[in-house]
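# Structural features, examined
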Amino acid sequence: KGSHHIPEDYVSCGVKGATLWQSENDRKQPSKLDITSIAEEALASVSQLLAFEPQRNIHFVVYESLDDSWQALARRVPPSFLMAPLHTSETAVIVLHSAHLDPRNHDEPRVFRHLCHEVTHVCNAERTASTKRLGDGDAGMGIRPWVDEGFAECVANEVASRSDAFSQALAVQDVDVGSTDMIDSELRALNSSKRAWAFQVATSQVLQAIHRHSYRFVFNNLENPHLWA
């Protein structure tokens, strides 16, 4: 499987452009949420917007229980949480929890938007030859957290047609954001009370650059935000 984030007893099924992993029990449970189709749509939508198809092996992992995610991630995260804990030169992993663990996980538009966000992280990492392992402090990343998170939010909101989220982000554009080092620090702290604000600030900064140029221009210059002016 190539990653300790995938429990040994999980089984795979084909997703166009990726692999989906679930427990045998979870896969057999009836669900109104077609995670296979949502994952495929997220990959296709992000790739089309950015004109970029990831070549790394992408694995979507749906944890059946909080114990499974705790053991795989070595940390406790809420069941509504999605993340991409691994980017290597060959493999990327996107994880989420089974819909039965949290009512929000039955919300198809929400799951789609969040998966688009995580797929964008995969594209960002591959485009910049970045690597990342959860908890490594972004040592192998070629781009700043505020760029990575802000761009992922912009792409996800664009493909999910969330104009309301853009309006919320732009509402902070005139706020004194302070040092981008501080924004990066808040984004790295998964439990920070200011993390939501930091996301809005990062999204606002990137969105203004996209308005000046384009999604593809910013994507092609993620390592050089000074070119966005």
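Just so we're clear, the structure is a prediction, and the values are computed from it rather than from any experiment. (Residues numbered from 1 in each chain as written. Predicted model: local features only at pLDDT ≥ 70, side-chain atom pairs only at ≥ 80, totals over all residues. Heavy atoms only, no water.)

### A word on the overall build of the protein
Scanning the protein from N- to C-terminus turns up 9 helices and 6 strands. Whereas a compact globule of 229 residues would reach a radius of gyration of roughly 17 Å, the protein reaches 17 Å, a difference of no more than 12%. When its C-alpha atoms are laid out on the principal axes, the protein stretches across 50 × 35 × 35 Å. Expressed as a percentage of contacts within the protein between residues at least 6 apart in sequence, the contacts between residues at least 24 apart total 68%. Of the side-chain charges in the protein, 21 are positive and 30 negative, and the distance between the mean point of each set is 1 Å. (Helix = DSSP H or I, 4+ residues; strand = E, 2+ residues; numbered from the N terminus. Rg over C-alpha atoms; globule rule 2.2 N^0.38 Å. Contact = heavy atoms within 4.5 Å. Lys, Arg positive; Asp, Glu negative; His and termini not counted. Charge placed at Lys NZ, Arg CZ, Asp CG, Glu CD.)

### Section: the packing of aromatic side chains
Applying the stated rule across the entire model yields 4 aromatic pairs. With centroids separated by 5.2 Å and ring planes inclined at 70°, the aromatic side chains of Phe52 and Phe219 adopt a geometry described as edge-to-face. With Phe52 in the loop between α2 (35-50) and β3 (57-63) and Phe219 in helix α9 (residues 215-220), this pair connects stretches of sequence that are 167 residues apart. In terms of burial, Phe52 and Phe219 fall into one category: buried. Between Trp146 and Trp228, the ring centres sit 5.8 Å apart and the planes meet at 70°, which makes this aromatic pair edge-to-face. Of this pair, Trp146 sits in helix α5 (residues 145-159) while Trp228 sits in the segment after α9; the two residues are 82 residues apart in sequence, bridging distant segments of the chain. Each member of the pair, Trp146 together with Trp228, is buried. (Phe/Tyr/Trp six-rings, centres within 6.5 Å; stacked < 30°, edge-to-face > 60°. Buried < 20%, exposed > 50% of the residue type's maximum accessible area, 1.4 Å probe, protein only.)

### Comments concerning the sheet that holds strand β4 (residues 83-87)
The 6 strands are arranged β1-β2-β3-β5-β4-β6 in an open sheet whose pairing can be described as mixed. Here the strands that pair on one side only, and so sit at the sheet edges, are β1 (11-15) and β6 (132-133). Across 5 bridges, the pairing between β1 and strand β2 (residues 18-22) is antiparallel. Directly across from Val11, in β2, lies its bridge partner Gln22. Where helix α4 (residues 108-127) meets the sheet, it contacts β3, β4 and β5 (91-97), and its direction lies at approximately 160° from that of β5. (Pairing = 2+ DSSP bridges. Axes fitted to C-alpha atoms, helices over the stretch in contact; angles between N-to-C directions.)

### Some points on the environment of Asn157
With respect to the secondary-structure elements, Asn157 resides in helix α5. With relative accessibility at 1%, the residue Asn157 sits in the buried group. Separated by 48 residues in sequence, Asn157 and Gln205 have C-alpha atoms that sit 15 Å apart. With residues up to four places along the chain from it excluded, the contact list for Asn157 reads Arg113, Arg162, Ala165 and Phe166.

### Some words on helix α3 (residues 66-73)
Among all positions of α3, only Asp68, Ser69, Ala72 and Leu73 are buried. Buried residues of α3, viewed axially, fall in a sector of 105°; they line one side. The elements touched by buried residues of α3 are β3, β4 and β5. One or two residues past the end of α3 sits Ala74, with phi positive at roughly 60°. (Arc of directions from axis to C-beta.)

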